[in-house]
Amino acid sequence: MDFDDTWYPATHPSGAVLPAVLALAEVLPQQSKPSGMDLLLAFNVGIEVQGRLMRFSREASNIPKRFHPPAVVGTMGSAAATSKLLHMGSAQYREVLAIAASYSGAPMANAATQTKPLHIGNAARRGLEASYLALLGLEGNKNILDMKSGFGAFYTDYTPDMLLGLDSYRWVLEDQDVAIKRFPAHLGMHWVADAATALRMKLLEENLPVVKIKKVVLKVPDARYVKRPFPASEHEARHSFQFNTCTALVDGSISEESFSDLNLHRQEIRDLLEKVLIENPHDNHSNFDTMYCEVGVEMHTGETITERCNTFYGHWREPLSQYDLLKKFKANASTVLSMEAVQGIIDTVANLEKVTDCAVLSSYLQVKEKTN
């Protein structure tokens with residue numbers, strides 16, 4: 001659905017790590033069952049490794065062009081997290097990351113297709129597999145993180161450096177939070193959605209109907225895989241500046257239903273798409289920390305209205321409230337779990353560091369017949 005968290009530099013950090021550590025925790029023998037704190041530590045190690053690897057490259061800071069980041073650093077994160085949960089030593093840990101590096105990588109050409117979600121699923125699976133292969137004695141190049149022909153193959157300017165000692169070490173998440181999406185689409189769509197929604201409010205205040213729009217101008221970064229003037233599928237629509245702008249202008253909001261076949265082929269959306277022009281200002285970089293979106297419309301009656309979004313609601317600079325975060329989780333989880341299980345997960349996560357056996361989470365995650 002493209003509904004998971006997004007980080008900076010650009011990747012989806014949690015999706016490759018959390019399923020792997022939950023699955024591993026569930027199958028470990030009773031005498032080795034991890035606590036909630038064990039799970040939290042392993043999860044954070046998996047996130048940390050992704051963040052540190054990306055910070056060795058300036059290229060990684062921008063919206064990707066060659067490799068899909070979750071398939072690169074996500075695999076390494078899954079491997080790091082699961083090997084931590086398995087209490088491996090430093091020698092085995094190096095083998096795990098070497099093996100995981102050979103599992104990493106997927107092309108950006110499969111973004112906006114059904115295969116894109118496979119990237120992050122494979123990252124979780126292959127990272128866990130790398131940990132088990134290392135346990136079985138498989139070895140790799142112990143210097144793979146230091147080599148241009150190693151992990152450097154994924155980033156043209158990859159320059160690894162020594163990390164600080166533990167006495168002065170800070171977790172990446174302490175300084176860089178994630179963005180949480182309000183609707184299931186590429187993160188860049190949230191800028192155009194907020195700008196277009198604000199512009200629609202102005203149209204309503206001026207009694208200017210959307211059907212009287214003569215031209216729509218979008219000022220967005222030059223990120224080609226999210227410029228799709230006439231998306232032909234829900235996956236393309238989730239990666240289309242044009243479609244999300246037009247949907248927000250017509251409906252005043254964007255939701256999961258916005259990407260259904262019915263909405264995708266609505267005539268009023270298709271008509272408005274014909275009027276969209278895209279501009280790429282030189283100061284608007286393909287970077288989730290600095291990009292902006294400006295939506296301007298020219299009416300047949302001559303009026304022009306413009307709205308700009310520098311930071312959308314849900315971005316790390318303007319994070320979702322706890323209420324809205326829980327609302328999103330409940331809406332998603334309740335489609336497959338009972339409300340009792342949903343509330344059980346919320347309560348467990350809120351006190352996870354006090355949980356003695358994190359397998360309680362797995363018990364809530366079992367899909368059962370819902371009761372209301």
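Residues numbered from 1 in each chain as written. Predicted model: local features only at pLDDT ≥ 70, side-chain atom pairs only at ≥ 80, totals over all residues. Heavy atoms only, no water.

### Considerations on the layout of surface pockets
- Here the second largest pocket defines a volume of roughly 770 Å³.
- Contributing to the lining of the second largest pocket are 23 residues, with Val49, Tyr93, Leu97, Leu145 and Leu163 lying nearest its centre.
- Contributing elements (two or more residues each) for the lining of the second largest pocket: helix 2 (36-54) and helix 4 (90-103).
- With five residues, helix 2 is the single largest residue contributor to the lining of the second largest pocket.
- Class assignment of the residues belonging to the lining of the second largest pocket gives a composition of 16 nonpolar, one polar and six charged. (1 Å grid on protein atoms, 1.4 Å probe; cavity = no way out; pocket = protein on both sides within 12 Å on 5 of 7 lines; lining within 4 Å. Points joined across faces, edges and corners; volume = space filled by probe spheres on them. Helix = DSSP H or I, 4+ residues; strand = E, 2+ residues; numbered from the N terminus. Nonpolar A, V, L, I, M, F, W, Y, C, P; charged D, E, K, R; others polar.)

### Details of the packing of helix 4 against helix 5 (residues 116-135)
- Where helix 4 meets helix 5, the axes come as close as 8 Å, and the angle between the chain directions of the two elements is 135°. With respect to helix 5, the axis of helix 4 lies oblique. In this structure, the crossing between helix 4 and helix 5 has a hand that is right-handed. Where helix 4 abuts helix 5, its residues Gln92, Glu95, Val96, Ile99, Ala100 and Tyr103 lie against Arg126, Glu129, Ala130, Ser131, Leu133, Ala134 and Leu135.
- Residue composition of the contact of helix 4 with helix 5, by class: eight nonpolar, two polar and three charged. (Axes fitted to C-alpha atoms, helices over the stretch in contact; angles between N-to-C directions. Parallel < 35°, antiparallel > 145°, perpendicular 65-115°, else oblique. Left-handed = near helix turned anticlockwise from the far one by under 90°. Contact = heavy atoms within 4.5 Å.)

### Here we look at the UniProt feature "domain: MmgE/PrpD C-terminal" (unreviewed entry) in the protein chain
- UniProt records the feature "domain: MmgE/PrpD C-terminal" (unreviewed entry) for residues 183-353 in the present numbering.
- Here residues 183-353 runs as 39% helix and 14% strand, with 30 Å between its end C-alpha atoms. (UniProt positions renumbered as here; feature names shortened; annotations may be inferred.)

### Quick look at the domain arrangement of the protein chain
- By the assigned domains, the protein chain splits into domain 1 (5-176), domain 2 (193-309) and domain 3 (322-365).
- For domain 2 versus domain 3, the distance between C-alpha centres works out to 35 Å. (Domains from an automatic or database assignment.)

### Some words on the pairing of strand 4 (residues 304-309)
- Burial of strand 4 is one-sided: the residues Ile305, Glu307 and Cys309 facing one way are buried, the residues Thr304, Thr306 and Arg308 facing the other way are not.
- Where strand 3 (residues 293-299) and strand 4 come together, six bridges link them in antiparallel fashion. Looking at the pairing, valine 295 lines up with glutamate 307 of strand 4.
- The hairpin turn running from strand 3 into strand 4, its antiparallel successor, is four residues long, and glycine 302 in that turn takes a positive phi close to 105°. (Buried < 20%, exposed > 50% of the residue type's maximum accessible area, 1.4 Å probe, protein only. Pairing = 2+ DSSP bridges.)

### Some points on the pattern of salt bridges
- Inspection of every chain in the model, using the stated rule, returns 18 salt bridges.
- Across the pair glutamate 307 and lysine 202 runs a salt bridge, and its minimum N-O distance is 2.8 Å. Of this pair, glutamate 307 sits in strand 4 while lysine 202 sits in helix 7 (residues 189-205), and the two are 105 residues apart along the sequence.
- In this structure, the salt-bridge partner of arginine 266 is glutamate 268, at a minimum N-O distance of 2.8 Å.
- The buried category is assigned to arginine 266, whose relative accessible area is 16%.
- Among the ionic contacts, a cluster of salt bridges with common partners joins Asp2, Lys116 and Lys181. (Salt bridge = Lys/Arg side-chain N within 4 Å of Asp/Glu carboxyl O.)

### Here we look at unusual backbone geometry
- Residue proline 9 is reached from tyrosine 8 by a cis peptide bond, and omega for that bond is -5°.
- Within the fold, proline 9 resides in the segment before helix 1 (18-27).
- For histidine 87, which is not a glycine, the phi torsion comes out positive at approximately 60°.
- Within the secondary structure layout, histidine 87 lies in the loop between helix 3 (69-85) and helix 4.
- The exposed category is assigned to histidine 87, whose relative accessible area is 66%.
- A positive phi angle, close to 65°, is found at alanine 112, a residue other than glycine.
- Inspection of the secondary structure puts alanine 112 in the loop between helix 4 and helix 5.

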